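Structural overview
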Amino acid sequence: MTSLVQVDIGAAYLEQAEDTLHRRILSRKEELADRLLLLAHHYQQEAVFRHADATGDSLKLARIAAENREKSLIVFCGVHFMAESADILTNEGQRVFLPDLRAGCPMADMATRPEVEWAFAELGQVIDADGLVPVTYVNSSAAIKALVGERGGSVCTSSNAERVLQWALAKGERVFFFPDEHLGRNSAAAIGLAEAEVILWRRGRPLGGNDPEAVKRARVILWDGYCTVHMQFSAAHVEAWRARDPRVRIIVHPECRREVVSRADQYGSTEAIIKAIEQAPPGSKWAVGTEINLVRRLQARHPEQDIHSLSPFQCLCSTMYRIKPAYLLWILDHLAAGREVNRITVPAVTAASARLALERMLAI
Ligand code: 13P
Ligand code: SF4
């Protein structure tokens, strides 16, 4: 769970001017260069992102951490589940730190291990729970990944969810997909499942709000989690852009609702969105349905293209935004002084099971 307590870092950091913070971060980075690997997710604000040694989507960053065995200090500028994944995939000599412990992912927190275990038990009264293969989006806690590993399931990311879903459907009779309803629904549609084969598990209702016959007919059962940022995009936004300029290309993240993804020209992970725009001919016009810091960065880096947010409002991931330069400097100062603060550790037993689920995905 990500409601961890972040200590007050004090006015000496919080009231520091931006350029002073910038200079001090650069000098700490130089001092720690042999041991430090600073990773940043694409949704990080520019003042943090510019200090990254490597950037990427959630899984790519965990892999980079694991590949750089000589780096013992991994400072993860992203959210809690990403730092956990990095800790699971790295070795004993590597330690992972999150600059602000309040940087959680609300969607990941929407599925807890006790809730999912309860759902499995309830479903087991209607169907054979052994034929129900769990698939968890990487945006989930280590405890959820461990449960999935123990039950023979796999992790997936926004770039391989369709492939993992196909694998799981071939392995068992049904798939239990969590925590993101929308990634699950979009992936099920992409592999050709009919709407009637996909049902929603609503937390807090008996049998997830389904009747037993619907559960027996289902091929995919979706948890009712969602991303508050991507829920802000709607079909009306897509239609408004189409009416304004028929040349516009709409590209969105698959955490958006079905009504948005089905109307878009393209969808994909943050890496896939970046690649599509990088490879487009100059003068292309885009409306992008994802977090605003990434959209702004694309605008700044591709002045040859005409890039807009799909929504007229600022769709900001406020938990990612908690990682500010002041917190980054604070953690680097502590590490330089040999003090460990905000270390993210996954207990060994949990990590072993979660690793199974991650490794299954890598093998698929
Ligand atoms: P990516 O893995 O596509 O970067 O997405 C992570 C995320 O949290 C999207 O909201
Ligand atoms: Fe979680 Fe959504 Fe933020 Fe991604 S954008 S970290 S899914 S809340």
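Structural data are supplied above this passage.
Below or above, wherever it landed, is the structure these notes cover. (Residues numbered from 1 in each chain as written. Chains lettered and ligands numbered in written order. Predicted model: local features only at pLDDT ≥ 70, side-chain atom pairs only at ≥ 80, totals over all residues. Heavy atoms only, no water.)

1. Remarks on the overall build of the chain
Each helix and strand in the chain was counted, giving 16 helices and 13 strands. Taking 364 residues into account, the globule formula puts the C-alpha radius of gyration at 21 Å, and the chain, at 21 Å, falls close to it. Considering only C-alpha atoms, the chain reaches an extent of 65 × 55 × 35 Å along its principal axes. Out of the 364 residues in the chain, the part that is buried amounts to 59%. (Helix = DSSP H or I, 4+ residues; strand = E, 2+ residues; numbered from the N terminus. Rg over C-alpha atoms; globule rule 2.2 N^0.38 Å. Buried < 20%, exposed > 50% of the residue type's maximum accessible area, 1.4 Å probe, protein only.)

2. As for the sheet that holds strand 7 (residues 174-178)
Judged by pairing direction, the sheet is parallel, and its five strands sit side by side in the order 6-5-7-9-8 without closing on themselves. Strands with a single pairing partner mark the edges of an open sheet, and in this sheet they are strand 6 (154-156) and strand 8 (198-201). Averaged over all pairs of adjacent strands, the angle between strand axes in this sheet comes to 25°, irrespective of strand direction. Of the pairings in the sheet, the one linking strand 8 to strand 9 (residues 220-223) comprises four bridges and is parallel in character. Bridge pairing in strand 9 links Leu200 to Leu222. (Pairing = 2+ DSSP bridges. Axes fitted to C-alpha atoms, helices over the stretch in contact; angles between N-to-C directions.)

3. Concerning the pattern of salt bridges
Scanning the entire structure with this criterion turns up 21 salt bridges. Of the charged contacts in the structure, one is a salt bridge between Glu271 and Lys60, with a shortest N-O distance of 3.4 Å. Of this pair, Glu271 sits in helix 13 (residues 270-279) while Lys60 is found in helix 4 (residues 58-67), placing the two residues 211 residues apart along the sequence. Accessibility expressed as a relative area gives 15% for Glu271, which makes it buried. Within this structure, Arg24, Arg28, Glu31 and Asp333 form a network of salt bridges that share partners. (Salt bridge = Lys/Arg side-chain N within 4 Å of Asp/Glu carboxyl O.)

4. Some details on the nonpolar core
Ranked by internal contacts, the top residues of the largest apolar core, which has 130 residues, are Val75 and Phe176. Sorting elements by how many residues they give to this core places helix 15 (residues 325-336) first, with eight residues. Not counting the four nearest positions on each side in its chain, Val75 is found in contact with Leu36, Leu37, Leu38, Leu39, Phe97, Pro99, Leu328, Ile331, Leu332 and Leu335. (Core = buried A, V, L, I, M, F, W, Y, C linked by side-chain atoms within 4.5 Å. Contact = heavy atoms within 4.5 Å.)

5. Re the packing of aromatic side chains
With the rule as written, the count across this model stands at five aromatic pairs. Aromatic side chains Phe176 and Phe178 sit 5.3 Å apart centroid to centroid with 80° between the ring planes, which places their arrangement in the edge-to-face category. Three or more aromatic residues joined by ring pairs form one cluster here, namely Phe120, Phe176, Phe178, Trp201 and Trp223. Taking the ring centre of Trp241 as reference, the NZ or CZ of Arg244 above it sits at 4.3 Å. The cationic tip of Arg297 hangs over the ring face of Phe49; the distance from NZ or CZ to the ring centre is 3.5 Å. (Phe/Tyr/Trp six-rings, centres within 6.5 Å; stacked < 30°, edge-to-face > 60°. Lys NZ or Arg CZ within 6 Å of the ring centre and 35° of its normal.)

6. Let's talk about the environment of His334
Within the secondary structure layout, His334 lies in helix 15. Since its relative accessible area comes to 15%, His334 is described here as buried. Apart from residues no more than four positions distant in its own chain, His334 is found in contact with Arg339 and Val341.

7. Points about the site of ligand 1
Around ligand 1 sit His41, Tyr43, Asp57, Ser58, Tyr137, Asn139, Ser158, His230, His253, Glu255, Ser269 and Thr270, and those are all the residues in its vicinity. Residue Ser158 places a side-chain N or O atom 2.9 Å away from an oxygen atom belonging to ligand 1. The contact in question runs from an oxygen atom of ligand 1 to an N or O atom on the side chain of Glu255, over 2.8 Å. The protein chains hide 95% of the 300 Å² of surface that ligand 1 would expose on its own. Taken together, the residues of the shell around ligand 1 break down into two nonpolar, eight polar and two charged. (Near = heavy atom within 4 Å. Polar contact = N/O pair within 3.5 Å; in protein donor to acceptor, adjacent residues only side chain to side chain. Areas by Shrake-Rupley, 256 points an atom, 1.4 Å probe, with all protein chains shown as cover. Nonpolar A, V, L, I, M, F, W, Y, C, P; charged D, E, K, R; others polar.)

8. Observations regarding the sheet that holds strand 2 (residues 54-56)
Strand order in this open sheet of four strands is 2-1-3-4, and the pairing throughout is parallel. Across the chains shown, the open sheet's two edge strands, defined by having one partner strand only, are strand 2 and strand 4 (95-97). Across the sheet, the mean angle from the axis of one strand to that of its neighbour is 25°, orientation sign disregarded.

9. Some thoughts on helix 8 (residues 161-171)
Looking only at helix 8, the buried set comprises Ala161, Val164, Leu165, Ala168 and Leu169. Summarising the axial view, the buried residues of helix 8 lie within an arc of 135°, below the 170-degree limit, and thus occupy one face. Where the residues of helix 8 are buried, they touch strand 5 (132-137), strand 6, strand 7, helix 9 (181-190), strand 9 and helix 16 (348-363). (Arc of directions from axis to C-beta.)

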